[in-house]
Amino acid sequence: MKIAVVTGASSGLGRAFALQLARTEQLDELWVIARRQERLEALRPRCPLPLRVLPLDLTAPGAADALEAQLKAAAPEVRVLVCAAGFGRMGDARAVPRQQSAAMIALNCTAAVEVTQVCLPWMGRGGRILEICSTAAFQPFPYLNVYAATKAFLYRYSRALGQELRGRGITVTAVCPYWIKDTEFIPAAKQGDGGAVRHFPLATRAGRVAARALLDSRRGRAVSTPGAVCTVHRYASKCLSDAALMALWEGLRRL
């Protein structure tokens, strides 16, 4: 049985990945993971594949064990893994509760690594992993500091893991999009301090990001920058210092 596993599939980018995988990949089943079971169940009418709903909070103790038990029982071939679960908070460091900062690290970093390691034994040649990072991975971001740091971690992890798995024929793609306007990320992130970033110009859409990222993954690319802004940002980060990039960010966030 060939499957794809998508975390964070209840909404936003994870949901877009789940629906596109169901329509474009040769799979027998789609496994979707998120905390909100009712949101996952709502995918069934739109999914042309059998759907296995796993209502897991990936930051809870034992969540990775529960996924591992499901894999052992079914013994599938994981053809595609998309780690899209994550969240952010923006604002002054004093305005973001430390519990939320810790939760960002737990979900964006620890959970992504755990899920990846749980799925790896079930992946073979031709398997693909997409770790959903962010253009925030390319530089330090004041007023988005913990989130950006978690994505930098995931980006570096993805690049190193991809090198390790190359000999096994497994592709790892670090997906680094710019702001996405039709997800819950921006409203949720602004809960920390709604005035830290005033506008989100040139934001893209989840469906477009998912389609481009899956294409880049099929092409074997180590990094996917699905849009003009994040592509320019990626190469600018190679030419400019962190100090210069942070100064540019300070100007942009005040617009």
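An unreviewed UniProt entry annotates the protein as SDR family NAD(P)-dependent oxidoreductase of Candidatus Faecalibacterium faecipullorum. Under the UniProt heading Sequence similarities (unreviewed entry), the entry covering the protein gives this text: "Belongs to the short-chain dehydrogenases/reductases (SDR) family."

Q: Account for the overall build of the protein, naming residues and giving values.
A: When helices and strands are tallied, the protein shows nine helices and seven strands. Taking 18 Å as the expected radius of gyration for a compact globule of 255 residues, we find that the protein reaches 18 Å, a close match to that expectation. Scored against the burial criterion, the 255 residues of the protein give a buried share of 52%. Taking the contacts inside the protein whose residues are at least 6 apart along the sequence as the reference set, 70% of them involve residues at least 24 apart. Counting only carbon and sulfur atoms, one obtains 53% of the accessible surface of the protein, whose full area is about 11600 Å². Computed over 34 positive and 19 negative side-chain charges, the separation of the two mean positions in the protein equals 7 Å.

Q: Just give me the short version of the nonpolar core, but keep the residues and values in it.
A: By size, the foremost hydrophobic cluster in this structure holds 55 residues, and its most contacted members are Leu-58, Leu-67, Ile-129 and Trp-179. Mapped onto this core, the elements with two or more residues apiece are β1 (2-7), β2 (29-34), α3 (63-74), β4 (77-83), α4 (98-119), α5 (145-165) and β6 (171-175). Dropping the residues within four chain positions of it, Ile-129 is found in contact with Leu-81, Thr-116, Leu-120, Met-123, Leu-161, Leu-165, Ile-170, Thr-171, Val-172 and Thr-173. Among the nonpolar cores identified, the runner-up in size contains 32 residues, and Leu-13, Leu-43, Ala-213 and Leu-214 belong to it.

Q: So, the packing of helix α1 (residues 12-24) against helix α7 (residues 206-218): which residues are in play, and what are the values?
A: Two numbers describe how α1 lies on α7: the axes approach to 9 Å, and their chain directions differ by 55°. In terms of orientation, α1 and α7 fall into the oblique class. In terms of crossing hand, the pair formed by α1 and α7 is right-handed. Residues Gly-12, Leu-13, Ala-16, Phe-17, Gln-20, Leu-21 and Thr-24 of α1 lie in contact with α7, whose contacting residues are Ala-206, Gly-207, Val-209, Ala-210, Ala-211, Ala-213, Leu-214 and Arg-218. The residue inventory of the contact of α1 with α7, partitioned by class, reads ten nonpolar, four polar and one charged.

Q: Hey, could you go over the packing of aromatic side chains for me, with residue numbers and the actual values?
A: Here the structure, examined in full by the defined rule, presents four aromatic pairs. Across from the ring centre of Tyr-143, 3.8 Å away, lies the NZ or CZ of Arg-253, which sits over that ring.

Q: Go over the packing of α4 against α5 with me, naming the residues and quoting the values.
A: The geometry of α4 relative to α5 is characterised by a closest axis approach of 8 Å and an angle of 15° between their N-to-C directions. Accordingly, the angle class assigned to the pair α4 and α5 is roughly parallel. Regarding α4 and α5, the two cross each other, and that crossing is right-handed. Seen from α4, the contacting residues are Ser-101, Met-104, Ile-105, Asn-108, Cys-109, Ala-112, Val-113, Thr-116 and Gln-117; seen from α5, they are Val-146, Tyr-147, Thr-150, Lys-151, Phe-153, Leu-154, Tyr-157 and Leu-161. Looking at the contact of α4 with α5 residue by residue, the class counts come to eleven nonpolar, five polar and one charged.

Definitions and limits used
- Residues numbered from 1 in each chain as written.
- Predicted model: local features only at pLDDT ≥ 70, side-chain atom pairs only at ≥ 80, totals over all residues.
- Heavy atoms only, no water.
- UniProt positions renumbered as here; feature names shortened; annotations may be inferred.
- Helix = DSSP H or I, 4+ residues; strand = E, 2+ residues; numbered from the N terminus.
- Rg over C-alpha atoms; globule rule 2.2 N^0.38 Å.
- Buried < 20%, exposed > 50% of the residue type's maximum accessible area, 1.4 Å probe, protein only.
- Contact = heavy atoms within 4.5 Å.
- Areas by Shrake-Rupley, 256 points an atom, 1.4 Å probe, with all protein chains shown as cover.
- Lys, Arg positive; Asp, Glu negative; His and termini not counted.
- Charge placed at Lys NZ, Arg CZ, Asp CG, Glu CD.
- Core = buried A, V, L, I, M, F, W, Y, C linked by side-chain atoms within 4.5 Å.
- Axes fitted to C-alpha atoms, helices over the stretch in contact; angles between N-to-C directions.
- Parallel < 35°, antiparallel > 145°, perpendicular 65-115°, else oblique.
- Left-handed = near helix turned anticlockwise from the far one by under 90°.
- Nonpolar A, V, L, I, M, F, W, Y, C, P; charged D, E, K, R; others polar.
- Phe/Tyr/Trp six-rings, centres within 6.5 Å; stacked < 30°, edge-to-face > 60°.
- Lys NZ or Arg CZ within 6 Å of the ring centre and 35° of its normal.

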